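Reading the structure
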Amino acid sequence: MELEGKKPDPKYGESRKFDPNFKGPIHSRGCTDVLCCILFIVALFGYFAVGIVAWSQGDPRKVIYPTDSRGQFCGQAGTPLEKKPLLFYFNILKCASPLVLLEFQCPTTQLCVEKCPDRHLTLMKAKLGSNEDREYYQQYCKDGVNLTKLSPPEILKDGLCPAILMPSKAFTRRCLPALGTLKGGVVVVGNETTFTDGKGSSINATDVLEASKKSNVVVEARQVAMRIFEDYTQSWHWILLGLVIAMLVSFIFIVLLRFLAGIMVWVMIVLVILVIGYGIFHCYMEFASLKGEPGSDVTIRDLGLQTDFSVYLQIRQTWLAFMIILAIVEVIIILLLIFLRKRIMIAIALIKEASRAVGHVMSSLFYPLVTFALLAVVIAYWAITAVFLSTSNEQVYKVFNNSECEYSRETCDPQTFNTSNASAQCPDAECLFAFYGGETYYHKYLILFQFYNVFLFFWCANFVTALGQVTLSGAFASYYWAFKKPDDIPSYPIFSSLGRALRYHTGSLAFGSLILSIVQVIRVLLEYLDQKLKGAQNKFAKFMLSCMKCCFWCLEKCIKFLNRNAYIMIAIYGKSFCPSAHDAFFLLMRNIIRVAVLDKVTDFLLFLGKLLIVGIVGIFSFFFFSGRIRAIEDAAPSLNYYWVPILTVVVGSYLIAHGFFSVYAMCVDTLFLCFLEDLERNDGSAERPYFMSQNLLSLLNKSNEQAKSLD
């Protein structure tokens, strides 16, 4: 007997016809989108070539070690400077020059030293003082300088030694003046407000403060990065433990969902509401506890950007913002659950059927590990190549001078500079290391290599995701179209589906992932332009850019949706990408009401499951890393920013939960498309029986009732 349903709209193509020989994924198939397969293989070989060139030209030490005026790395193991890890500036006052902001380099000699100066001493005092003073001063001069044989004017003229040493402290491997403040805001260096520079002039400590700020403008971001890196070194094993717990919780949840789908969905809904509710309660308690505390009423706007993010947790406005955000999320979820209460029952029935499918294809639960491993390889290759590309520039030296000089800021060679015209015409000029660059063809087109690295990263990552989707959909389609379950299900559905995907459809997967990658790269370029235009005053340009970002975001979501369903059709019928995308789209449009009733509501329930796992793991990691669990307070690592491991665990937990739930999501989507195909092919009679289970038959009746209510 044919079950009553909404008649498909003929403008979206003809319904599938009955085929007595069709029994699931077609085994007799040919290679699809061969041209795109060849293009993808050629692009991969090009990617490997870019990586090899980058690895031969790059030098990651440029990121790790500070560089002196000769381009040598301070503190690098296996070099003469191994025991000199700190960078010392001859004249820190020159770092106050605007040139620092333009070229990220102080126009003064920079030297690798073993330790920073801890006393105030001028060159003249060292020259006339004891042997101990001369030996102490000489370690901050260039190699080979003898203070007893040369006069101070000769030394300063040739730039062999600094004119003055002042108490300094190591900061991000750089010797910066040991600045302090007395009562009333008076700036001091080593308890002195003014001192001579060795040339008869007086220096104010405030000038030194300004120079220190300018010299530090480039390394402030590095300071935060180093602290974050230090936090990772202290907490990586706890982060790993948190991710393992997230994996176990996800796996247990999926297994329970297999046997107790209906109960687990309702438990999941209730727990999500409770977890978010606890978050609101915790934010309120923190907000209330800060009432009356000094400085707690300062606004985030007044506080500005701070490198120590824990400062924001000391003001009430932060917790108020968190509380409002969580309350809005809670209200939205509750309202959705109220409006979707009838459809949730239908979606639970579809999840139950997906649980049966997963139970018969248990190996599908472990396939996300393959996807994680492949994505890890892609991300690692991209990151390593990006680092080597960004550090593959050569050392560029420029002329730095104090007086007017026609050769100022021109490139120079430190080996021949003393005999060049620039040295003769500008006696006070020096040839100093400026930055890393280059004039070769490789360096001119380096930006193209970096762009190619980003583009191939997106393409490869999307290809890996597409491979997982086709593999899972092929396995679950084998389950659905098995008339006698589980007898007609192939022995190794995952391996069979993976083999078909790689053997016949690499080109189609590459085609779909290429389209998505192009859109994603355009979005990256738009974000880059947005960053560049932040300081611009052209309101129209900003408006157009915002509109384009919104449009391409929507386009990316649509392409992901189309690709996902196209991959399911590829797994079943073995057609090329475009015909498969066409068939999938028209099939969904012919059954658009059922899509709204079943598929999207199921996706919402699975999203709540991911949210629950992230919430549980996130709350426990917050209490652990912030030291709020007294029983294990001593076990928590000492961190600069305790939000670093918390955020890492939360993001990692979401990715892990997404990986496990993606199996269910792919199963639901595959079964849903097969379900629609089954309705169009068959009528439930003895000659044309449905392949769907009794559970899906009752589900169809319920969806028909919902569809009528939506008409």
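Once a new chain begins, its residue numbering starts again from 1 and follows that chain's sequence as written. Local features in this predicted model are restricted to residues of pLDDT 70 or higher, and side-chain atom pairs are both shown and tallied only at a pLDDT of 80 or more, whereas totals for entire chains, interfaces and linings draw on every residue. Hydrogen atoms and water are omitted, and side-chain values are computed over all heavy atoms in the structure.

Selection criterion: UniProt positions are given in the numbering used here, feature names are shortened, and annotations may be inferred rather than shown by experiment.
Going by what an unreviewed UniProt entry lists, the protein is known as Choline transporter-like protein and is assigned to Sander lucioperca. Under the UniProt heading Function (unreviewed entry), the entry covering the protein gives this text: "Choline transporter." The Sequence similarities (unreviewed entry) comment attached to the protein in UniProt states, word for word, "Belongs to the CTL (choline transporter-like) family."

1. Examining the overall build of the protein
How we decide: Counting from the N terminus, the helices are the DSSP runs of H or I reaching at least four residues and the strands are the DSSP runs of E reaching at least two. It only takes one pair of heavy atoms within 4.5 Å for two residues to be counted as in contact. In these tables, accessible area is a Shrake-Rupley quantity obtained with a 1.4 Å probe, and a residue counts as shielded only by the protein chains included in the view.
A tally of regular secondary structure across the protein gives 23 helices and twelve strands. Within the protein, contacts between residues separated by at least 24 positions form 74% of all contacts whose residues are at least 6 apart in sequence. Roughly 36,300 Å² of accessible area belongs to the protein as shown, and the carbon and sulfur atoms make up 64% of that amount.

2. Regarding the packing of aromatic side chains
Operational definition: For Phe, Tyr and Trp, where Trp contributes only its six-membered ring, two rings pair if their centres lie within 6.5 Å, and the inter-plane angle classes them as stacked under 30 degrees, edge-to-face over 60, or tilted in between. Only protein chains enter the area calculation, which uses a 1.4 Å probe; residues under 20% of their type maximum are buried, those over 50% are exposed, and those in between are partly exposed. To sit over a ring, a charge needs its Lys NZ or Arg CZ within 6 Å of the ring centre and within 35 degrees of the ring normal.
Tallied over the entire structure, the rule returns 24 aromatic pairs. Considering the side-chain rings of phenylalanine 622 and phenylalanine 623, the 5.6 Å spacing of their centres and the 75 degrees angle between planes classify their relative orientation as edge-to-face. The pair phenylalanine 622 / phenylalanine 623 is uniform in exposure class, with both members buried. An aromatic cluster is defined as three or more aromatic residues linked by ring pairs; in this entry it consists of Tyr47, Phe48, Trp55, Tyr381 and Tyr452. We note arginine 316 situated over the ring of phenylalanine 287; from NZ or CZ to the ring centre the distance is 3.9 Å.

3. Observations concerning the state of the cysteines
Worth spelling out the cut-off: Cysteine sulfurs are considered disulfide-paired once they come within 2.5 Å of each other.
Evaluated as defined, the whole model comprises three disulfides. Cysteine 116 shares a disulfide with cysteine 175; S-S distance 2.1 Å. When the S-S torsion is -85 degrees, as for the bridge of cysteine 116 with cysteine 175, the disulfide is left-handed. On the criterion of sequence distance, the pair formed by cysteine 116 in the loop between strand 2 (110–113) and strand 3 (121–122) and cysteine 175 in strand 6 (residues 174–177) is long-range, its members being 59 residues apart. The residues cysteine 116 and cysteine 175 share a single accessibility class, namely buried. Note that cysteine 141 is cross-linked by a disulfide to cysteine 161, the S-S spacing being 2.0 Å. Since a negative S-S torsion denotes a left-handed disulfide, the cysteine 141-cysteine 161 link at about 120 degrees is right-handed. With cysteine 141 in the loop between helix 5 (131–138) and helix 6 (152–157) and cysteine 161 in the loop between helix 6 and strand 4 (164–165), this residue pair connects regions lying 20 residues apart in the sequence. For the pair cysteine 141 and cysteine 161, a shared accessibility class is recorded, and that class is buried. Between cysteine 547, a free cysteine, and cysteine 551, which holds the nearest cysteine sulfur, the sulfur-to-sulfur gap is 6.5 Å. Distance from the sulfur of cysteine 550, which forms no disulfide, to the nearest cysteine sulfur (cysteine 554) is 4.4 Å.

4. Some points on the UniProt feature "transmembrane region" (unreviewed entry) in the protein
The UniProt entry lists residues 34–55, 236–256, 263–281, 319–340, 361–384, 456–483, 604–627 and 639–661 under the feature "transmembrane region" (unreviewed entry), expressed in the numbering used here. Spanning residues 34–55, this segment combines 100% helix with 0% strand, and its end C-alpha atoms are found 32 Å apart. Between the C-alpha atoms that bound residues 639–661 the distance is 33 Å, and the span itself is 83% helix and 0% strand.

5. Let's talk about the confidence of the model for the protein
Low pLDDT means the predicted atomic positions in that stretch should not be read closely. The cut-off we apply is this: Residue-level confidence of the predictor is what pLDDT reports, using numbers from 0 through 100.
In this model, the protein carries a mean pLDDT of 77, and residues with pLDDT of at least 70 account for 76%. Per-element averaging of pLDDT across the protein places helix 3 (residues 99–103) at the bottom with 40 and helix 1 (residues 34–57) at the top with 92. Long-range and interchain partners of residues 211–219, a stretch whose pLDDT sits below 50, account for 22 contacts in this model, where long-range means more than four residues apart.

6. Things to note about the pattern of salt bridges
This is how it is decided: Here a salt bridge means any side-chain nitrogen of Lys or Arg lying within 4 Å of a carboxyl oxygen belonging to Asp or Glu.
By the definition in use, this model includes eight salt bridges. Glutamate 556 is paired through a salt bridge with arginine 523; the nearest N and O atoms lie 2.5 Å apart. Residue glutamate 556 is found in helix 19 (residues 539–573), and its partner arginine 523 is found in helix 18 (residues 506–532); the two are separated by 33 residues along the sequence. Residue classification places glutamate 556 among the buried positions, given a relative accessible area of 6%. A residue is classified by how much of its surface remains accessible, and arginine 523, at 26% relative accessible area, is partly exposed. Residues participating in the shared-partner salt-bridge network are Asp118, Arg119 and Asp133.

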